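The chain contents come next:
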Amino acid sequence: MRHLCKFALAAVAMSAALASGAAMAQKAGGNLVFIVQPEPPSLAGYLSTSGPIGLVAPKIYEGLFDYDNDLKIAPALAESYDVSDDGKTVTFKLQQGVTWHDGEPFTSADVEFTVMEVLKKVHPRGPNSFREVTSIDTPDEYTAVFNLAKAAPYMLSALSAYESPMVPKHLLEGQDPRNAELGNNPVGTGPFKFVEWKKGQYIRLEKNENYWKEGLPYLDRIVGRFIPDASTRTAAMESGEVMYGAFGAIPNIDAVRLRDTDGFSVTTEGYATINPMALIEFDTTEPPFDNPALRKAISYALDRQFLIDNIWFGYGKPATSALSSTFAGPGLYKDPMPNYVPTADIEEAIKLLDEAGITPDENGVRAKAVLDLIPYGEDWRRAGEYMKQALVPIGIELELRYEDVPTWLKRVYHNYDFAMNVNYFYQLADPVLGVHRHYGTDQIRQGTHFVNSTRYPNPKLDELLVAGAQEPDAAKRGEIYGEIQSILAEDMPVLNLFEMEFLTVYNDKLKGIDVSGLGAYGSFAEAWIDD
Amino acid sequence: MHSFWKRFARNRQALFGLAILGCILIMAATAHLFFPTDPFSLAGQSMSPPGQNGFLLGSDSLGRDVAAGIAHGAKTSLLIGLVATLVAVLIGVIMGALAGYYGGIVDDLLMRTTEMFQTIPSFVFAILLVAIMKPSIESIVIAIAVVSWPAVARLVRGEFLSLRNREFVQACHTIGMSDVRIMLGEILPNCLSPIIVIGSLMVATAILIESGLAFLGLGDPNIMSWGFQVGAGRTLLRSAWWVCTFPGIAILLTVLAINLVGEGLNDALNPRLRERS
């Protein structure tokens, strides 16, 4: 199967975007101050997928690909690519004339080094994304040939500047990437150069005059400011001191207010590669939740729309399957599954419980459990308080537990000392990257965070997951994931609540920030200020 | 008793405080009559302003009745205040009495321990304790008691120090009374007044600490309290002022009332102030 043609489409889309941009007459120059929250531990995007690193590092580093808002591939450091018929050889043609910020040329040797020596070894998700890559050939300076043990179509979804940044071989070779100076003093190929990091205050980037994309970037300078207090962030946005805040930097309640204020906009675009899903994990190995009927009854009894409307101020979509509906783009999402309802259906829940023989005692209680809540803020506590009330009518009595982050992580992913846990997962750009870790028995990895804590065993499902990861044909892959979703809707070891929508709040003077599906994790090369 | 009441009643503010405290006690005792359902229950339209949709004091972001929360929260606040104070007073009296009565090495040992607790800012210490233990009503009571007892211990030690060499105590020694009996039966009743006064004021502090903890999200998530209501409502302040305003007023009134009553008790019980006014 040949993929070269895809770029023709992408090129058309790009030129269309540029044409419409030209009509708006971008202005070069200006400073963009945006919110980076919390302060990143380093700027080593090749070591950590931590959110705040993602806000800064992709302006400095670039990936082989970029992605548009529908998760379609757009060219970046790779000008084109070609997948062999058996899916086991992927050839990337690199852009010519690209230089690192220190003047050295960017070549295929950098690609080989980055993937084989850095991402495959020290990146949290890299070993999974590049699992099948056995070697990379570099026949010339601008060609990199990935040799795979098995077909790995999902790999093409993990090549963004945020997920897999290309790093300079000449600055890392022979060192341990974990301790290299590059982490705090990044040198990339991107549109902005790192200049200064004032700890506790800001990170300053300047325009890369030698950027390989003609005429870009527009901005002279980008400053990422750290503002720990939420109401101060809102005030800074309102006063125009900062112009951009993503990943809920501005709390939803204030975002809703700013949305209705002149001069500010709120968008949910730019999170397609993140795909956050709010969910409940069950301990499927012990009573009461070893019984799937109970898990499904809870799915019927919870009013997903109520959670979205009252706690997240209308931002979110009720979940309808184990996969997020954004996977409809690559054809993997299957139409609404059974046992997922947008608003509560108490009667159906009670019917399910009665049929399963889970009967109420003299106090009307059918089951008791402790509900653990993800300690990431007040919204989740409100959600827990709601759930406790919502399950009373079907006779499930919950006790809420809210602990600090390390204790909670240890309880759920190390000691497995929980019954029911409210959480959220990034489903990422492909189910292999973000969803498989929930369900595969090979993902029951005690002590590793955010993997299969439910310990739900299903050999049939394991086979399907392996098949789904390797199937190069899109239609067949869709069928496999359809079957996976049917099994998961019936067994429901993880109950998906709603597709979360993170909010980006920005000043209307700021333009050109919506061109990449990476949103805030994008390069901002085409951002400009209209004043 | 009659003269005690007369002295207490001479202080008008104390009477006012007692009246408010009485109302709050009645509210706590009758909460289940007026609001029979769980105060966490989703009673109706969310964020209703006071007086609308059947909510006397409005509803919060999930449609919970603020008035029901205040009534049930009164029970939590008073209970935690009283129990924590009792525990703190108990520990403080024992430590202070032993230190003051025996002096010497015992005194040094106990007082250095007390000072160690006193050097840590009490609210920060309470946060730390609750964070280490699981946030629950028991751990909150323990945390408040642990940060509150040193003040009692120092006060009781001082009283014991001054009383232990009095003639009536020496007389007790002479007739061969045991140490425990002298401490509990003779000295303690003579320093009860300051303990009652400091105890009553500690109830107010305990309620404030509990509210502070709940505000920071360290309350028991299964129990309604005023601090929880204020904490949950603070993000809504610009769009639904009533959610945290009314519980805030409840905290203010209760703490004020307890402080006034404490002042009144001080006036009534402190012999040195008897001739005042």
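The rules behind each value
Residues numbered from 1 in each chain as written. Chains lettered and ligands numbered in written order. Predicted model: local features only at pLDDT ≥ 70, side-chain atom pairs only at ≥ 80, totals over all residues. Heavy atoms only, no water. Helix = DSSP H or I, 4+ residues; strand = E, 2+ residues; numbered from the N terminus. Rg over C-alpha atoms; globule rule 2.2 N^0.38 Å. Buried < 20%, exposed > 50% of the residue type's maximum accessible area, 1.4 Å probe, protein only. Contact = heavy atoms within 4.5 Å. Areas by Shrake-Rupley, 256 points an atom, 1.4 Å probe, with all protein chains shown as cover. Polar contact = N/O pair within 3.5 Å; in protein donor to acceptor, adjacent residues only side chain to side chain. Phe/Tyr/Trp six-rings, centres within 6.5 Å; stacked < 30°, edge-to-face > 60°. Lys NZ or Arg CZ within 6 Å of the ring centre and 35° of its normal. Axes fitted to C-alpha atoms, helices over the stretch in contact; angles between N-to-C directions. Parallel < 35°, antiparallel > 145°, perpendicular 65-115°, else oblique. Left-handed = near helix turned anticlockwise from the far one by under 90°. Nonpolar A, V, L, I, M, F, W, Y, C, P; charged D, E, K, R; others polar. Buried area = accessible area lost by both parts, 1.4 Å probe. Salt bridge = Lys/Arg side-chain N within 4 Å of Asp/Glu carboxyl O. Pairing = 2+ DSSP bridges. Patch = residues over 30% accessible without salt bridge, like charges linked within 9 Å, V, L, I, M, F, W, Y side chains within 5 Å. pLDDT = per-residue confidence, 0-100.

Colleague: How would you sum up the overall build of chain A? Please name residues and give values.
Modeller: When you go through chain A residue by residue, the secondary structure sums to 16 helices and 21 strands. Its C-alpha atoms give chain A a radius of gyration of 24 Å, near enough to 24 Å, the size a compact globule of 531 residues would have. Oriented by its inertia axes, the alpha-carbon framework of chain A measures out at about 75 × 55 × 45 Å. Going through the 531 residues of chain A one by one, you find that 58% of them count as buried. Looking at chain A alone, contacts between residues at least 24 apart form 70% of all its contacts between residues at least 6 apart. Approximately 20200 Å² of chain A is accessible, and the part contributed by carbon and sulfur atoms is 50%.

Colleague: Any details on the overall build of chain B? Residues and values, ideally.
Modeller: Counting its regular elements, chain B contains 11 helices and 0 strands. For chain B, the succession of helices and strands along the chain, N to C, is α-α-α-α-α-α-α-α-α-α-α. Considering only contacts within chain B whose residues lie at least 6 apart along the sequence, 70% involve residues at least 24 apart. As displayed, chain B has an accessible area near 13300 Å², and 68% of this comes from carbon and sulfur atoms.

Colleague: I'd like a description of helix α8 (residues 292-301) of chain A, backed by residues and values.
Modeller: Residue and element names in this part refer to chain A. Counting buried positions over the 10 residues of α8 gives 9, a clear majority of the element. Within the span of α8, buried status applies to Ala-293, Leu-294, Arg-295, Lys-296, Ala-297, Ile-298, Ser-299, Tyr-300 and Ala-301. At the N-terminal boundary of α8, the capping side chain belongs to Asn-291, with an oxygen 3.0 Å from the backbone nitrogen of Ala-293.

Colleague: Hey, could you go over the packing of aromatic side chains for me, with residue numbers and the actual values?
Modeller: All names here are of chain A. One pass over the full model with this rule turns up 34 aromatic pairs over all chains. Note on Tyr-46 and Tyr-61: the rings are 6.3 Å apart at their centroids and 85° apart in plane angle, and the pair reads as edge-to-face. Linking Tyr-46 in the loop between β1 (31-35) and α2 (51-60) with Tyr-61 in the loop between α2 and β2 (65-67), this pair joins segments that are 15 residues apart in sequence. In this pair, the class of Tyr-46 matches that of Tyr-61, namely buried. A centroid spacing of 6.4 Å and a plane angle of 85° characterise the contact between Phe-65 and Tyr-67, whose relative ring orientation is edge-to-face. Tyr-67 carries the same exposure label as Phe-65, and that label is buried. Taken together, the aromatic side chains of Tyr-162, Phe-247, Tyr-271, Trp-312, Trp-380, Tyr-424, Tyr-426, Phe-498, Phe-502 and Tyr-521 make up a single cluster linked through ring pairs. A cation sits over an aromatic face here: Lys-199 above Trp-197, 3.6 Å from the ring centre. Across from the ring centre of Tyr-402, 4.6 Å away, lies the NZ or CZ of Arg-381, which sits over that ring.

Colleague: Quick rundown of the packing of helix α3 (residues 66-102) of chain B against helix α9 (residues 192-215) of chain B? Include the residues and the values.
Modeller: Residue and element names in this part refer to chain B. The contact between α3 and α9 brings their axes to 8 Å, and the two run at 130°. In terms of orientation, α3 lies oblique with respect to α9. Classified by chirality, the crossing of α9 by α3 is right-handed. Across the interface between the two elements, Ser-77, Leu-78, Ile-80, Gly-81, Leu-82, Ala-84, Thr-85, Ala-88, Val-89 and Val-93 from α3 touch Ile-195, Gly-199, Met-202, Val-203, Ala-206, Ile-207 and Glu-210 from α9. Tallied by class, the residues present in the contact of α3 with α9 amount to 12 nonpolar, 4 polar and 1 charged.

Colleague: Requested: an account of the interface of chain A and chain B, with residues and values cited.
Modeller: Taken residue by residue, the interface counts 21 residues in chain A and 23 residues in chain B. A combined buried area of about 1800 Å² lies between chain A and chain B, and 52% of that area is made up of carbon and sulfur atoms. Considering only the surface of chain A that becomes buried against chain B, Arg381(A), Arg382(A) and Gln389(A) emerge as the three largest contributors, covering 27% of it. Scanning the region where chain A abuts chain B turns up 2 salt bridges. The shortest N-O distance in the salt bridge between Lys134(B) and Glu399(A) comes to 3.9 Å. Scanning the region where chain A abuts chain B turns up 6 residue pairs in polar contact (both at pLDDT 80 or more). Going through the elements one at a time, α7 (252-259), α9 (304-311), α11 (378-390) and β16 (396-401) of chain A are the ones with two or more residues in the side of chain A that touches chain B. In terms of residue count, α11(A) provides more of the side of chain A that touches chain B than any other element does, 7 residues in total.

Colleague: An account of the sheet that holds strand β7 (residues 143-148) of chain A is requested, with residue identities and associated values reported.
Modeller: Residues and elements named next belong to chain A. On the basis of which strands lie adjacent, the open sheet formed by 4 strands has the order β4-β5-β7-β6 and antiparallel pairing. Looking at which strands have only one partner, the edges of the open sheet turn out to be β4 (78-83) and β6 (133-140). Across the sheet, the mean angle from the axis of one strand to that of its neighbour is 20°, orientation sign disregarded. Two elements, strand β5 (residues 89-94) and β7, share 5 bridges in a ladder whose sense is antiparallel. Bridging across to β7, Val-90 finds its partner in Phe-146. Contacts between helix α3 (residues 108-122) and the sheet are confined to β5, β6 and β7, with β6 contributing the most and set at about 165° to the helix.

Colleague: With reference to specific residues and values, describe the environment of Ile358(A).
Modeller: Residues and elements named next belong to chain A. Turning to its location among the elements, Ile-358 is positioned in the loop between α10 (346-355) and β15 (367-373). Judged by its relative accessible area of 15%, Ile-358 falls in the buried class. Taking the C-alpha atoms as reference points, Ile-358 and Ala-293, 65 residues apart in sequence, are found 8.7 Å from one another. Apart from residues no more than four positions distant in its own chain, Ile-358 is found in contact with Asn-291, Leu-294, Leu-353 and Arg-366.

Colleague: Requested: an account of a nonpolar patch on the surface, with residues and values cited.
Modeller: Residues and elements named next belong to chain B. On the surface, Leu-79, Leu-82, Val-83, Val-87, Leu-90, Ile-91, Ile-94, Leu-98, Tyr-102 and Val-106 cluster together into a nonpolar patch covering about 800 Å² of accessible area. Counting residues per element, the nonpolar patch draws most heavily on α3, at 9 residues. Relative to the helices and strands, Val-87 is located in helix α3.

Colleague: Give a description of the confidence of the model for chain A that names residues and reports values.
Modeller: Taken as a whole, chain A shows an average pLDDT of 87; of its residues, 95% reach a score of 70 or greater. Long-range and interchain partners of residues 1-23 of chain A, a stretch whose pLDDT sits below 50, account for 22 contacts in this model, where long-range means more than four residues apart.

Colleague: Outline the pairing of strand β19 (residues 504-507) of chain A, listing residues and values.
Modeller: Residue and element names in this part refer to chain A. The side-chain alternation of β19 yields two buried faces, one formed by Thr-504 and Tyr-506 and the other by Val-505 and Asn-507. Across 2 bridges, strand β11 (residues 244-245) lies against β19 in antiparallel orientation. Paired with Tyr-244 across the two strands is Tyr-506, which belongs to β19. As judged from the 4 bridges shared by strand β12 (residues 264-267) and β19, these two strands associate in the antiparallel manner. Bridged to Thr-267 within β19 is Thr-504.

Colleague: So what's going on with the pattern of salt bridges? Residues and values would help.
Modeller: Side chains carrying opposite charge are able to pair once their charged atoms draw close together. All names here are of chain A. For the coordinates displayed, the defined rule picks out 31 salt bridges over all chains. Notably, a salt bridge pairs Arg-257 with Asp-254, separated by 3.3 Å at the nearest N-O pair. Note that Arg-257 and Asp-254 are positioned in helix α7 at a spacing of 3 residues, about one turn of the helix. The exposure class assigned to Asp-254 is buried, which follows from its relative accessible area of 11%. Here Asp-372 ties to Arg-411 by a salt bridge, and the two come within 3.9 Å at their closest N and O atoms. With Asp-372 in strand β15 and Arg-411 in helix α12 (residues 405-414), the pair connects residues that are 39 residues apart, well separated along the chain. Under the relative-accessibility criterion, Arg-411 is labelled buried at 12%. What you see here is one network of salt bridges that share partners, running through Glu-196, Lys-198, Arg-204, Glu-206 and Arg-221.

Colleague: Outline the side chain of Thr284(A), listing residues and values.
Modeller: Looking at the element boundaries, Thr284(A) is found in the loop between β13 (276-282) and α8. There is a polar contact of 2.6 Å between the side chain of Thr284(A) and the backbone oxygen of Thr454(A).

Colleague: Explain the sheet that holds strand β17 (residues 420-426) of chain A to me, and be specific about the residues and the numbers.
Modeller: Residues and elements named next belong to chain A. Spatial ordering of the open sheet is given by β14-β18-β13-β17-β15-β16, a layout of 6 strands whose pairing is mixed. Each having just a single partner strand, β14 (317-318) and β16 make up the two edges of the open sheet. Sheet topology note: the β15/β16 ladder contains 6 bridges and is parallel. Bridge pairing in β16 places Asp-372 opposite Arg-401. The strands touched by α8 are β13, β15, β16, β17 and β18 (494-499); relative to β18, the strand with the most contacts, the crossing angle is about 15°.

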